[in-house]
Amino acid sequence: MDSSLSTDSLADWFKLILIGNFLNTHVLSSIVGYAWGALMRRFYTTIEFDEFDSTFSWINVWLAQKPEWYTARDLSITTRSFGLETAASGQYGEYRDGSHCSEDLKVRKQPSFFVTTSFWYKSHYLCATRTRAQGTAHVGLQTLKIQIYGHNPKIVDELLADAERCWKEAKSEHITIYSSTTMNQWHQVASRPKRPLDSIVLDRGVKEDLLSDARTFLGSRSWYSERGIPFRRGYLLYGVPGSGKTSLIHSLAGELGLDVYMISLSRAGLDDTTLQELISYLPERCIALMEDIDAAFRHDINREPASIDPSHSHATFPGATTGIQSRGVTLSGLLNAIDGVAAHEGRLLFATTNHYESLDPALRRPGRMDRHIEFRLASRYQIAEMFRRFYASTVSGSFPPCLEKPTSLYTDEEDEKNSVGDCSFWSPNSTAVSLIDIDTDVPMSRTISSESSNHELVIADPDKLKVWQAAGLDDQARKFASFVPERFISMAELQGYLMLHRSDPVSAIASVRRFIVNKENRGGLIRS
Ligand SMILES: Nc1ncnc2c1ncn2[C@@H]1O[C@H](COP(=O)(O)OP(=O)(O)OP(=O)(O)O)[C@@H](O)[C@H]1O
């Protein structure tokens, strides 16, 4: 009896120990963990920023300025995804020790994923961690988690306001470009320095007119609503390739302080519904850009609904070949997205095409595309202006490159006759040049020796020198333009040609006739 009692009690004790252990390890630790978490949560606030929200960019720019961020122990270095973060942190093209890295090698430093970096912010201890989703569908989706210790309900707002301010400052010199992902979310793909509007050379008044139209629109929300007119404006830029359509849009975006949202109608997986959805996610004020709107379909855009028959090519997008089933975007889907009931208000829509005639009139009509701007091959004015702008900065404050030209310039007699022979301020065989005041025709300085170090000018009046230089350049620009037939080459071709003579305007003038003849003979290819 005694022995059975003792065996039973031993078994009970054993069970008790097991249960106790279990409670100790699982329940207790969970309870303790939960209680600890609850306690800690009273002491810190967590904020999460996800990659597809604009605040993600704010916070990244803000963090990029913290030395703790770019000097963390576990660093991830990339030459990709350059943008505001890099510009804001001063890592753009230079290392922290002040030495410059190559223009092609711009690095961005930030802590590796899942590494926590901590620092103080307004007397609060702050921990920041970059994380990345691991699930197959979302590999690469990034979030940024920030924990702020100390209880202060206002601190989150202050942090956000600071981050936004930093972002705006960095952005004042940049435009941000967004593209859509296959998950139909807007994703920042690039951030570029603004391109000055005057670097785009168009016929007189074209860009000024466009800029003023866009500005007037952006400032007229109430005017539109009072009249019940949808607050949207569409611009159709059409014409020859390489005439500056895309460049102008990017430059306007910088001028107007707007971001560019690129809508690629031929993107895999995009159909009428997803296009509508994507457009509805556009921010309040932005530029929506549809490039090569005609090329979205392999045949001309028309009103036919998309067919799932692969032989109907306008309905078959690249996605079909990659296994993504999509009916593609139909013209009616596109028209609805542009100005249907659910279409977005407040945006500027820019569309570009090289084939104006192939667009359905419904797409071109006012209300959808309010302004149509044609881009043609270069006019004489554009050619001269491009030449002038191309060489203007080389002239200002330094010796005109024209004067630096070696004597072995000419390739044949005709070139010589037609080009620098009458270059008013350069004589190939002399080592000294006389400067003439172009207003008075009076010699205005001593001579310039081509042997002087760095070709420094010995001149009494720098202002007069500039006037002289500018006038000299204008003359050369006119002369250059006189050799190129009007509406014969595109601005991109002209730029390509000038690039071949980038520090040598004299040789650009000397060789231009040959370049024109070559282009005539060989179908427009640029040859040096
Ligand atoms: N009017 C212009 N003024 C200054 N640069 C120009 C002009 N047109 C073209 N370029 C230069 O040529 C290149 C191509 O220009 P861009 O891409 O803007 O032309 P596009 O008309 O959009 O061409 P496409 O129709 O083929 O897309 C750019 O590097 C740009 O700097």
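Residues numbered from 1 in each chain as written. Predicted model: local features only at pLDDT ≥ 70, side-chain atom pairs only at ≥ 80, totals over all residues.

Q: Would you mind showing me how to read the site of the ligand here?
A: Near the ligand you find 16 residues, and of these Pro241, Gly244, Ser247, Met491 and Ala492 are the closest. If you list the elements that add at least two residues to the shell around the ligand, you get helix H8 (245-256) and helix H16 (491-499). Looking at the shell around the ligand residue by residue, the classes come out as 7 nonpolar, 8 polar and 1 charged. (Near = placed C-beta within 6 Å. Helix = DSSP H or I, 4+ residues; strand = E, 2+ residues; numbered from the N terminus. Nonpolar A, V, L, I, M, F, W, Y, C, P; charged D, E, K, R; others polar.)

Q: Explain the sheet that holds strand S6 (residues 142-149) here, please?
A: Across a sheet, strands are paired by hydrogen bonds formed along the backbone, either parallel or antiparallel in direction. The strand order across the open sheet built from 4 strands is S1-S6-S5-S4, with neighbouring strands paired in antiparallel fashion. Looking at which strands have only one partner, the edges of the open sheet turn out to be strand S1 (44-50) and strand S4 (116-121). Within this sheet the neighbouring strands show an average axis-to-axis angle of 20°, counted without direction. Note that S4 and strand S5 (residues 124-132) share 6 bridges and pair antiparallel. Bridge pairing in S5 places serine 118 opposite cysteine 127. (Pairing = 2+ DSSP bridges. Axes fitted to C-alpha atoms, helices over the stretch in contact; angles between N-to-C directions.)

Q: How should I be thinking about unusual backbone geometry in this particular structure?
A: Peptide bonds are mostly trans, and most non-glycine residues show a negative phi. Positioned with a positive phi, lysine 122 is a non-glycine residue whose angle comes to about 45°. With respect to the helices and strands, lysine 122 occurs in the loop between S4 and S5. For lysine 122, a count of 13 C-beta atoms within 10 Å corresponds to the partly exposed category. (Buried ≥ 20, exposed ≤ 12 C-beta atoms within 10 Å, placed from the backbone.)

Q: So what exactly am I meant to see when it comes to the packing of helix H9 (residues 272-280) against helix H11 (residues 331-339) here?
A: Packed helices, taken two at a time, are described by the angle their axes make and the gap between the axes. The N-to-C vectors of H9 and H11 enclose an angle of 15°; their axes lie 9 Å apart at closest approach. Considered as vectors, H9 and H11 are oriented roughly parallel to each other. Of the two elements, H9 crosses H11, and the hand of that crossing is right-handed. Across the interface between the two elements, Asp272, Leu275, Gln276 and Ile279 of H9 pack against Gly333, Leu334, Asn336 and Ala337 of H11. Considering only residue class, the contact of H9 with H11 consists of 4 nonpolar, 3 polar and 1 charged. (Parallel < 35°, antiparallel > 145°, perpendicular 65-115°, else oblique. Left-handed = near helix turned anticlockwise from the far one by under 90°. Contact = placed C-beta atoms within 7 Å.)

Q: For this particular structure, what's the right way to read helix H5 (residues 154-171)?
A: Since the α-helix advances by 3.6 residues per turn, residues separated by three or four positions end up pointing in the same direction. Taking 1.5 Å per residue as the helical rise, H5 with its 18 residues ought to reach 26 Å, and the 26 Å between its terminal C-alpha atoms agrees with that figure. Listing the buried residues of H5 in full gives Leu159, Ala163, Cys166, Trp167, Ala170 and Lys171. For H5, the angular spread of buried residues about the axis comes to 130°, placing them on one side. In H5, those exposed residues whose orientation departs by more than 90 degrees from the buried face are Lys154, Asp157 and Ala161. (Expected span 1.5 Å × (residues − 1). Arc of directions from axis to C-beta.)

Q: Got a minute to help me understand the sheet that holds strand S11 (residues 287-290) in this structure?
A: With mixed pairing, the 7 strands of this open sheet are ordered in space as S8-S7-S10-S11-S12-S9-S13. Each having just a single partner strand, strand S8 (186-193) and strand S13 (371-375) make up the two edges of the open sheet. The sheet shows a mean angle of 25° between the axes of neighbouring strands, taken without regard to direction.

Q: How should I be thinking about the nonpolar core in this particular structure?
A: Buried together is how nonpolar side chains tend to be arranged in soluble globular proteins. Counting residues in hydrophobic clusters, the biggest one holds 69 residues, and the most contacted among them are Tyr261, Ile287, Leu289, Phe350, Ile383, Phe387 and Phe480. When residues of this core are assigned to domains, at least three fall in each of domain 2 (186-375) and domain 3 (380-522). Dropping the residues within four chain positions of it, isoleucine 287 is found in contact with Ile249, Ala253, Leu258, Val260, Tyr261, Leu348 and Phe350. The next biggest cluster of nonpolar side chains, apart from the first, holds 18 residues, and it includes Ile59, Trp62, Leu126 and Ile148. (Core = buried A, V, L, I, M, F, W, Y, C linked by C-beta atoms within 7 Å. Domains from an automatic or database assignment.)

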